[in-house]
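Coordinate inspection notes
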Amino acid sequence: PPAGAPSTQSLLAKNACTACHAPAAKLIGPSWADVAKKHAGKVDYLAGKIRSGGSGVWGAIPMPPQNLSEADARSIASWLASGAAP
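Residues numbered from 1 in each chain as written. Predicted model: local features only at pLDDT ≥ 70, side-chain atom pairs only at ≥ 80, totals over all residues. Heavy atoms only, no water.

Thoughts on helix H3 (residues 43–52)
Just so we agree on the cut-off: A 1.4 Å probe rolled over the protein chains alone gives each residue an accessible area, and that area as a share of the maximum for its type sets the label: buried under 20%, exposed over 50%, partly exposed in between. Secondary structure counts use DSSP, requiring at least four H or I residues in a row for a helix and at least two E residues in a row for a strand, with both numbered from the N terminus. What the arc covers is the set of directions going from the helix axis to the C-beta atoms. Contacts are assigned to residue pairs with any non-hydrogen atoms lying within 4.5 Å of each other.
Turning to H3, its buried residues are Val-43, Leu-46, Ala-47 and Ile-50. Take H3 and look down its axis: the buried residues cluster within an arc of 100 degrees, on one side only. Residues of H3 that are buried sit in contact with helix H2 (32–38) and helix H4 (70–81).

Examining the layout of surface pockets
Selection criterion: A cavity here means a set of points on a 1 Å grid, drawn over the protein atoms and nothing else, where a 1.4 Å probe fits but cannot get out; a pocket is an open set with protein on both sides within 12 Å along at least five of seven lines, and a residue lines either one if it has an atom within 4 Å of a point. Grid points are joined across faces, edges and corners, and a volume is the space filled by probe spheres set on the points. Each residue gets one of three labels, nonpolar for Ala, Val, Leu, Ile, Met, Phe, Trp, Tyr, Cys and Pro, charged for Asp, Glu, Lys and Arg, and polar for the others, Gly among them.
Here the largest pocket is characterised by a volume of approximately 580 Å³. What lines the largest pocket is a set of 31 residues, among which His-21, Gly-29, Pro-30, Trp-58 and Met-63 lie closest to the centre. It is H3 that contributes the most residues to the lining of the largest pocket, four residues altogether. Residue composition of the lining of the largest pocket, grouped by class: 19 nonpolar, ten polar and two charged.

A few points about the packing of aromatic side chains
Convention followed: In this analysis, rings of Phe, Tyr and Trp, with Trp reduced to its six-membered ring, are considered paired at centre separations within 6.5 Å, and the interplanar angle assigns stacked below 30 degrees, edge-to-face beyond 60, and tilted for intermediate values. Two limits define a charge over a ring: the Lys NZ or Arg CZ must be within 6 Å of the ring centre, and within 35 degrees of the ring normal.
For the coordinates displayed, the defined rule picks out one aromatic pair. On the basis of an interplanar angle of 70 degrees and a centroid distance of 5.6 Å, the ring pair of Trp-32 and Trp-79 is categorised as edge-to-face. Pair noted here: Trp-32 is in helix H2 and Trp-79 is in helix H4, with a separation of 47 residues, a long-range link. Across this residue pair, the class does not change: Trp-32 and Trp-79 are buried. The aromatic ring of Trp-58 is capped on one face by Lys-38, whose charged end is 4.4 Å from the ring centroid.

Don't take any of this as a statement about function, it's just geometry.
Given below as structure tokens:
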């Protein structure tokens, strides 16, 4: 990230993403690794899904819309789209 920008891991924790998602195992939602594999390169799609939420992509449990800035959503989405490296 640019100098002064929060790290992806701090954004995940700050926005409670870790309550439902884990690096390599399904919790309530899919793992970061599974999302990264399924949506490789889809930054815009992922940023939109993070902010708007939805259901049916990973099963019946919906992901609620997340209240975070466009920049933070894009930062997380970029990390996921590029492989979600730890």
